Each structure stands twice: as structure tokens, then as C-alpha cells.
Amino acid sequence: MWIIKNMENKELEFLKDMLYESIYMPEDVKDKAKLLNSPSIKKYYEDWGRKGDIALIATDANNRAVGAVWYRIFDESNMGYGYVDNQTPELGIAVMKEARGLGVGTLLMKKIIEQAAVDGFKTLSLSVDPDNRSAVHIYRQLGFVDYGISGTSITMIYREESKV
């Protein structure tokens, strides 16, 4: 039902749209352009394509993009919200509203975990708002465990040995 493929450079705008969607806020009060251009968010897509950048796109039967998952490596001089160390990529994920609850997010997560293993990464990290209970539940089902708190978010990690 869903096709998962590597993101092409021409799909960077879709990745940015998904990055925006991935920022969990219970009320829709986000100014998209302002948020995406803030230094704390821009670092997730600026100069995309550097070593360690991976993004997968989910498409439906009509070849319409419905979700994305990605990871990027940060370092101590440029930490992301879910930063753990220089060898652990931080991942993000988002699914279009109309495709949520249909399994595409879980499929994307499983595929990015597989991709990370192929790329030689033993751990992955992510940052999630604890109020986003459905996401936290899915991450835990996939083998992610709490690692710490960063601001108002939980940092979770996945270790290869905790495979589902």
C-alpha cells in the first residue's frame, strides 16, 4: 500500500514541510516560515546532503508523498534537540494528517532503523513531546527507551540490540 523510497534533492521542500509537521504543538499557532528559518530548526535541513544525511519518503498508490523520516548527525557545537553524541544520528518523522493512523509512520520508522543499521549506526535518537502520547507509545513499541529530558521534550534512543 505504501512505497518507501530514498528522498531526491527535488523533494527537499517536502522534507521541510514534514519537519514543520513534526514539531508537536497541541494548538496550531506556529508561523511556518518563521519557525523553519529559526536557527534551532534550520539546522535540521540546511545544507542537506552532507555525510550522514538520510531521508526516506512514503508515497501512496497514486505516488503522492504522504510522510517522511530522516536523520542527521550533529555534534556538540551544533546539537539538535535529541542530541546524544557525535556518532548517533537524530531522527525526525512526520506523516500528513490524512495518512495518520494507517501504519505509514510505523513503516517509515522500521525502514529508517534498517537503513541506520546498513549505514553502520548502532544507535538512533529522537526528541518527542511527552504530550504526544501516541508517538511516544509507537517509539517504545519499536524499541526506543527514554534517555533524558531536554527542555520540555523527552530524548529517546534506539540501540541495535533492542530490535523488535
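Summary of the structure given here. A quick note: this is a predicted structure, and the numbers were derived from the prediction, not measured.

The subject of this paragraph is the pattern of salt bridges. Per the stated rule, a full pass over the model turns up 13 salt bridges. With a closest N to O distance of 3.2 Å, Glu21 and Arg100 form a salt bridge. With a gap of 79 residues between them, Glu21 in helix α1 (residues 12-22) and Arg100 in the loop between β4 (90-95) and α4 (104-118) connect regions that are remote in the sequence. Owing to a relative accessible area of 27%, Glu21 belongs among the partly exposed residues under this scheme. Across the pair Arg72 and Asp53 runs a salt bridge whose closest N-O atoms are separated by 2.8 Å. On the criterion of sequence distance, the pair formed by Arg72 in strand β3 (residues 65-72) and Asp53 in the loop between α3 (39-42) and β2 (54-59) is long-range, its members being 19 residues apart. For Arg72, a relative accessible area of 1% puts it in the buried group. One salt-bridge network, held together by shared partners, links Lys5, Glu8, Lys10 and Glu11.

Here the focus is unusual backbone geometry. Phi angles above zero are rare outside glycine, and Asp47 is one such case at about 55°. Here Asp47 shows up in the loop between α3 and β2. One non-glycine residue, Asn63, adopts positive backbone phi at about 65°. Note on placement: Asn63 falls in the loop between β2 and β3.

Turning our eyes to something else, we now look at the nonpolar core. In terms of nonpolar packing, the biggest core is built from 28 residues, with Leu91, Met109, Tyr139 and Phe144 touching the most fellow members. Going through the elements one at a time, β2, β3, β4, α4, β5 (123-128), α5 (133-141) and β7 (153-159) are the ones with two or more residues in this core. For Tyr139, the residues in contact, after removing those within four places along its chain, are Ile93, Met109, Leu126, Val128, Phe144 and Met156. If you look at the next biggest cluster of nonpolar residues, it comprises 20 residues, including Phe14, Ile41, Ala55 and Ala94.

Calculation rules
- Residues numbered from 1 in each chain as written.
- Predicted model: local features only at pLDDT ≥ 70, side-chain atom pairs only at ≥ 80, totals over all residues.
- Heavy atoms only, no water.
- Salt bridge = Lys/Arg side-chain N within 4 Å of Asp/Glu carboxyl O.
- Helix = DSSP H or I, 4+ residues; strand = E, 2+ residues; numbered from the N terminus.
- Buried < 20%, exposed > 50% of the residue type's maximum accessible area, 1.4 Å probe, protein only.
- Core = buried A, V, L, I, M, F, W, Y, C linked by side-chain atoms within 4.5 Å.
- Contact = heavy atoms within 4.5 Å.

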